[in-house]
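Now for the letters of each chain:
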Amino acid sequence: DAGITQSPRYKITETGRQVTLMCHQTWSHSYMFWYRQDLGHGLRLIYYSAAADITDKGEVSDGYVVSRSKTENFPLTLESATRSQTSVYFCASTRDSWQPQHFGDGTRLSIL
Amino acid sequence: GESVGLHLPTLSVQEGDNSIINCAYSNSASDYFIWYKQESGKGPQFIIDIRSNMDKRQGQRVTVLLNKTVKHLSLQIAATQPGDSAVYFCAEGSGNNRKLIWGLGTSLAVNP
């Protein structure tokens, strides 16, 4: 089964560039999430979405933009990348609040 | 950014022994708790969850215990195997808030 896929797996870019990370899930889950994972901070929520066209900020949303025009896709855009956004980014989805979130394998993003 | 010199708590066990990984959660209003396993280069993988109306739940080789009095959660792994070596995260959520608060993780090393 396809599940949840993220692309690209690895990305290197320069400060000031715009970069978009893709997330696609095949379960038709209503809820989708973006996290970043950094040493010493664990997983921190960037944005989440309860349904198509409904998004809300997480604890570290500054510098990021999301959209959700279709249920299955939830792209994350760094409008003007900064070195502090170097991280591993994970996308997750779930059917409802009492169900576990299922994660993709992440995008490792390096900003030079 | 990264915290130089910060290391995850590590639990080292012998193959075949039982493992207990502990987690102190922060919000007394949290009513949903979940454990994930993360292997190197992969996304977090759901292990087991529990709601606050329970104090114990069992899965295949795993048991989660919840002590709401002291805000403590534990994951017990029976007959630990080398394939159990990974970082384990606990997370908590409350009510209709789909956002999870994540712990920093514990690294489990299984010695053959």
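Residues numbered from 1 in each chain as written. Chains lettered and ligands numbered in written order. Predicted model: local features only at pLDDT ≥ 70, side-chain atom pairs only at ≥ 80, totals over all residues. Heavy atoms only, no water.

Trainee: Mind showing me how you'd approach the overall build of chain B here?
Mentor: Broken down by element type, chain B carries 0 helices and 10 strands. Counting helices and strands in the order they occur from the N terminus, chain B gives β-β-β-β-β-β-β-β-β-β. Over its C-alpha atoms chain B spans a radius of gyration of 14 Å, differing by no more than 12% from the 13 Å that the globule rule assigns to 112 residues. Principal-axis analysis of the C-alpha atoms gives chain B an extent of 40 × 35 × 25 Å. Out of the 112 residues in chain B, the part that is buried amounts to 39%. By sequence separation, contacts in chain B at least 24 residues apart represent 53% of the contacts at least 6 residues apart. Each charge class in chain B was averaged separately, 10 positive and 9 negative side chains, and the resulting centres sit 8 Å apart. (Helix = DSSP H or I, 4+ residues; strand = E, 2+ residues; numbered from the N terminus. Rg over C-alpha atoms; globule rule 2.2 N^0.38 Å. Buried < 20%, exposed > 50% of the residue type's maximum accessible area, 1.4 Å probe, protein only. Contact = heavy atoms within 4.5 Å. Lys, Arg positive; Asp, Glu negative; His and termini not counted. Charge placed at Lys NZ, Arg CZ, Asp CG, Glu CD.)

Trainee: I tried to follow the sheet that holds strand S5 (residues 56–58) of chain B on my own but got confused; where do I start?
Mentor: Two modes of strand pairing occur in sheets, parallel and antiparallel, and in both the strands are linked by backbone hydrogen bonds. Residues and elements named next belong to chain B. Judged by pairing direction, the sheet is antiparallel, and its 4 strands sit side by side in the order S2-S7-S6-S5 without closing on themselves. At either margin of the open sheet sits one strand with a lone partner, and together these are strand S2 (19–24) and S5. Across this sheet, the average inter-strand angle for adjacent strands is 15°, counted without regard to direction. Relative to strand S7 (residues 72–77), S2 runs antiparallel, the two sharing 6 bridges. Considered in S7, the bridge of Ile-20 is made with Gln-76. (Pairing = 2+ DSSP bridges. Axes fitted to C-alpha atoms, helices over the stretch in contact; angles between N-to-C directions.)

Trainee: What's the story with the interface of chain B and chain A in this structure? I'm lost.
Mentor: The extent of an interface is frequently quoted as the accessible surface area lost upon association of the parts. Listed by partner, the interface residues are 25 residues for chain B and 22 residues for chain A. The junction of chain B with chain A conceals about 2200 Å² of combined surface from both sides, 58% of it contributed by carbon and sulfur atoms. Along the contact surface separating chain B from chain A lie 0 salt bridges. There are 5 residue pairs in polar contact (both at pLDDT 80 or more) connecting chain B and chain A. Broken down by secondary-structure element, the contributors of at least two residues to the side of chain B that touches chain A are strand S3 (32–38), strand S4 (45–51) and strand S9 (97–102) of chain B. (Buried area = accessible area lost by both parts, 1.4 Å probe. Salt bridge = Lys/Arg side-chain N within 4 Å of Asp/Glu carboxyl O. Polar contact = N/O pair within 3.5 Å; in protein donor to acceptor, adjacent residues only side chain to side chain.)

Trainee: Which parts of the structure should I look at to understand the side chain of Asp-38 of chain A?
Mentor: Residue and element names in this part refer to chain A. Positionally, Asp-38 belongs in strand S4 (residues 31–38). Residue class for Asp-38 comes out buried when judged on its relative accessible area of 9%. At 3.0 Å, the side chain of Asp-38 and the side chain of Arg-44 are in polar contact. Ignoring any residue separated from it by four or fewer positions in sequence, one finds Asp-38 in contact with Arg-44, Thr-86 and Ser-87.

Trainee: Would you explain the pattern of salt bridges in this entry?
Mentor: One pass over the full model with this rule turns up 5 salt bridges over all chains. Note that Arg-36 of chain A is salt-bridged to Asp-38 of chain A, the shortest N-O span being 2.8 Å. Between Asp-49 of chain B and Arg-57 of chain B there is a salt bridge, and its shortest N-O distance comes to 2.4 Å. By relative accessible area, which is 8% here, Asp-49 of chain B ends up buried. Three or more residues are tied together by salt bridges with common partners; here these are Arg-36, Asp-38 and Arg-44 of chain A.

Trainee: Quick question: what am I supposed to make of the packing of aromatic side chains here?
Mentor: Scanning the model with the defined rule gives 12 aromatic pairs over all chains in all. Chaining the aromatic ring pairs together yields one cluster made of Phe-33, Tyr-35, Tyr-48, Phe-90 and Phe-103 of chain A together with Tyr-36, Phe-46, Phe-89 and Trp-102 of chain B. (Phe/Tyr/Trp six-rings, centres within 6.5 Å; stacked < 30°, edge-to-face > 60°.)

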